[in-house]
Amino acid sequence: MQCKAGTGDNWNAGVPFQIKKQSFRLQSVDLAFKQLAILKLYDGKYYICTMNTGLQLYNTLSRKKESFQPLNAPNVGMYVCGPTVYSDVHLGNCRTFMSFDLIFRYLKYLGYKVRYVRNITDAGHLEGDRDEGDDKFAKRAKLEQLEPMEIVQKYTLGFHDVMRMFNTLPPSIEPTATGHIIEQIEMIKIIIENGYAYEIGGNVYFDVEKYSKEYNYTILTNRNLEDMLNNTRELGGQDEKHGRLDFALWIKAKPETLMQWQSPWGMGFPGWHIECSAMSAKYLGAEFDIHGGGMDLAATHHTNEIAQSEACSHHQPARFWMHTNMLTVNGTRMSKSAGNGFLPLQLFTGDHPLLKKGYSPMTVKFFMMQAHYRSTLDFSNDALDASEKGFKRLMAAVNLLEKLTVSEQNDFDIDALKANCINAMNDDFNSPVLIAELFEAVRIINTVYDGKAKISAVELAKLKQLIQDFVFDILGLKDEESYNLELNSVLEMVIDLRKEAKENKDYATSDKIRIGLQELGIQLKDSKEGTTWSKV
Ligand code: AMP
Ligand code: ZN
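Quick notes on the overall build of the protein chain
1) Next: Across its full length, the protein chain carries 16 helices and 19 strands.
2) Next: Buried positions account for 50% of the 536 residues belonging to the protein chain.
3) Next: In the protein chain, 70% of the contacts between residues at least 6 apart in sequence involve partners at least 24 apart.
4) Next: Surface summary for the protein chain: the accessible area is close to 25400 Å², and the carbon and sulfur share equals 50%.

So, helix α2 (residues 136–144)
1) Next: Turning to α2, its buried residues are Lys-136, Phe-137, Ala-138 and Ala-141.
2) Next: Gln-145 sits one or two residues past α2 and shows a positive phi near 55 degrees.

Topic: the environment of Lys-108
1) Next: Looking at the element boundaries, Lys-108 is found in helix α1 (residues 91–109).
2) Next: According to the relative accessible area criterion, Lys-108 is partly exposed, its value standing at 41%.
3) Next: Once the C-alpha coordinates of Lys-108 and Ile-474 are considered, the two residues, 366 residues apart in sequence, prove to be 8.8 Å apart.
4) Next: Beyond its immediate chain neighbours, meaning those up to four positions away, Lys-108 contacts Val-114 and Leu-169.

Details of the pairing of strand β10 (residues 203–206)
1) Next: Residues Asn-203 and Tyr-205 line one face of β10 and the alternating positions Val-204 and Phe-206 line the opposite face, and both faces are buried.
2) Next: Direction of pairing for strand β9 (residues 197–200) relative to β10: antiparallel, over a ladder of four bridges. If you follow Tyr-198 over to β10, its bridge partner there is Tyr-205.
3) Next: Connecting the antiparallel pair β9 and β10 is a turn made up of two residues, with Gly-201 showing a positive phi of about 50 degrees.
4) Next: Here β10 pairs with strand β11 (residues 247–252) via three bridges, running antiparallel. Looking at the pairing, Phe-206 lines up with Phe-247 of β11.

Remarks on the pattern of salt bridges
1) Next: Taken as a whole and judged by the stated rule, the model has 22 salt bridges.
2) Next: Between Asp-382 and Lys-356 there is a salt bridge, and its shortest N-O distance comes to 3.9 Å. With Asp-382 in helix α11 (residues 381–400) and Lys-356 in the loop between α9 (344–349) and α10 (361–369), this residue pair connects regions lying 26 residues apart in the sequence. With respect to burial, Asp-382 and Lys-356 carry one shared label: exposed.
3) Next: Across the salt bridge formed by Arg-514 and Asp-511, the nearest N and O atoms sit 3.7 Å from each other. In this pair, Arg-514 and Asp-511 are both assigned in helix α16 (residues 507–519), three residues apart and thus about one turn of the helix distant.
4) Next: Judged by its relative accessible area of 35%, Asp-511 falls in the partly exposed class.

Points about unusual backbone geometry
1) Next: In the segment running from Ala-73 into Pro-74, the intervening peptide bond is cis, with an omega of 5 degrees.
2) Next: Structurally, Pro-74 is set in the loop between β6 (64–67) and β7 (75–80).
3) Next: Positive phi is not limited to glycine here, since Asp-428 has a value of about 55 degrees.
4) Next: Topologically, Asp-428 is positioned in the loop between α12 (414–426) and α13 (431–449).
5) Next: With phi around 55 degrees, Lys-505 is a residue other than glycine that occupies positive phi space.
6) Next: Looking at the secondary structure, you find Lys-505 in the loop between α15 (480–503) and α16.
7) Next: Look at Lys-505 and you get exposed, because its relative accessible area is 61%.

As for the coordination of the zinc ion (ligand 2)
1) Next: Donor atoms from the polypeptide that coordinate the zinc ion (ligand 2) comprise Cys-81 (SG), Cys-276 (SG) and His-301 (NE2), at 2.0 to 2.2 Å from the metal.
2) Next: Along the chain, the residues donating to the zinc ion (ligand 2) are arranged with the sequence spacing C-x194-C-x24-H. Of the two residues, Cys-81 is situated in the loop between β7 and α1 and His-301 in helix α8 (residues 298–313); the sequence distance between them amounts to 220 residues.
3) Next: By relative accessible area, His-301 is classed as buried at 1%.

What about the site of ligand 1?
1) Next: Not every one of the 17 residues close to ligand 1 is listed here, only the nearest: Gly-92, Thr-96, Asp-296, Leu-327 and Met-334.
2) Next: Between ligand 1 and the protein, one listed contact pairs a nitrogen atom with a backbone N or O atom of Gly-92 at 3.0 Å.
3) Next: Elements represented by at least two residues in the shell around ligand 1 include exactly α1 and β13 (288–294).
4) Next: Ranked by residue count, the leading element in the shell around ligand 1 is α1, at four residues.
5) Next: Partitioning the shell around ligand 1 into residue classes produces six nonpolar, nine polar and two charged.

Points about the packing of aromatic side chains
1) Next: All chains considered together, the criterion is met by 20 aromatic pairs.
2) Next: Ring centres 4.8 Å apart and planes at 55 degrees place the aromatic pair Phe-104 and Tyr-116 in the tilted group. Taken together, the residues Phe-104 in helix α1 and Tyr-116 in strand β8 (residues 113–118) connect sequence positions 12 residues apart. Comparing Phe-104 with Tyr-116 shows no difference in burial state: the two are buried.
3) Next: Over the ring of Phe-97 we find Arg-118; its NZ or CZ atom is 5.5 Å from the centre of that ring.

Calculation rules
- Residues numbered from 1 in each chain as written.
- Chains lettered and ligands numbered in written order.
- Predicted model: local features only at pLDDT ≥ 70, side-chain atom pairs only at ≥ 80, totals over all residues.
- Heavy atoms only, no water.
- Helix = DSSP H or I, 4+ residues; strand = E, 2+ residues; numbered from the N terminus.
- Buried < 20%, exposed > 50% of the residue type's maximum accessible area, 1.4 Å probe, protein only.
- Contact = heavy atoms within 4.5 Å.
- Areas by Shrake-Rupley, 256 points an atom, 1.4 Å probe, with all protein chains shown as cover.
- Pairing = 2+ DSSP bridges.
- Salt bridge = Lys/Arg side-chain N within 4 Å of Asp/Glu carboxyl O.
- Donors = N, O, S within 2.8 Å, 3.2 Å for Na, K, Ca; no water.
- Near = heavy atom within 4 Å.
- Polar contact = N/O pair within 3.5 Å; in protein donor to acceptor, adjacent residues only side chain to side chain.
- Nonpolar A, V, L, I, M, F, W, Y, C, P; charged D, E, K, R; others polar.
- Phe/Tyr/Trp six-rings, centres within 6.5 Å; stacked < 30°, edge-to-face > 60°.
- Lys NZ or Arg CZ within 6 Å of the ring centre and 35° of its normal.

Dropping the structure here:
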């Protein structure tokens, strides 16, 4: 049952309360989570109520903003398509993952208990979108003379490093396609049993025509099926498919295929789309709250995911489909194939012909957050320069917070500012509007610091909490300057310990410290003046 009880801390015992248009007096309230309350009313009964958070989010399915109510509050299930780990992630990929990090963080702030599943695609991804071309992992493995699983390991670790640099939170579960072959086979078997897929010579295809008779195949993008058929070319070598839009659920392995598994249809490997349907159902159930990914995935990958899930369990998998817009360079989508895909490391060091200089991870993150996730964002040196200035201004003000003196008098309404921040985020995670509100906080801090206005102890405490919540916990920014200062003091201590070890002729310890730091990317340099450190 759902009932609205206002927002925030308005759950006070004794206040009149409406459920199904009847007024009750609330006797006591037990807040299990910020989102869920068990209410004991004077009618003697207990009610479980969910709070209306006011969150609106844009649903690609309905093409409009909708009010968000989870299926099973306070739990929220969110599945996001993760990277294909056959090469380094570029900045465009990072934009999508940073956007969902923002969404994950804000849902948690609202008090939801979020299970965030983001997969790793480590098998079954062919170069073409229509089940043609080489396997991306096998091709890369040959090129780098490695095992496909070495490629997977290398680029998964690289992806995690980049996500850590951008201070994104790890998902709750990060399942891999190769770890869920059994689940994918089971799902394909059910789809065949239900009559929506067929096997030909070791390949299994999804029957789009059959499916379309009962379901709306183009529900996500609202395209015309006839047009799609007319625009889809027949592919040489794939004549065995019944229909042009049919796609592979299982692909027969060639003798030389490096990654292949046993299945009821012989040795082979799964098609790309089935992994997400199988893994989302396993960890979030046949029906869950949010499914996300980049906009480029909607037309094929997500359209096919919906079809697979419906054909298997007769359920739309996700109630909300969210798509992030693309990062572009001079108007062209950033991608590996277009050759404009900056690697995050190139951006940090400035080592790319299109870059004037390097930018810190938090500057890049701030730049991303200054655009709404559904707008395109064009990369340029000028835009990054502006973000660098803005981020420094924000951090400078944040660092003044501890230096402000409080007064009996107060000129500011921090609750109103907080309400504006919440309104911005409740409006489909509008981070640029949130940042504009945070610059109002910057103005308040600077005017109080300059002695031009006064703030009370109560309002200052609220302001500090607001900065903690919105700057650090929700936007996921961090102060790189103070981090470097902290690192410096820690390293000075370690350098002193090493010096002591050397003086005691404990060379084993002094070497251990030097080598250990080197492995962490920190180089020590001894000279007559003492020891200095630098990042490698
Ligand atoms: P991939 O590793 O190619 O499977 O992509 C991982 C994620 O990055 C997917 O959700 C893509 O939609 C997303 N993506 C790819 N290119 C861009 C881009 N230029 N801007 C934003 N997201 C992107
Ligand atoms: Zn996916």
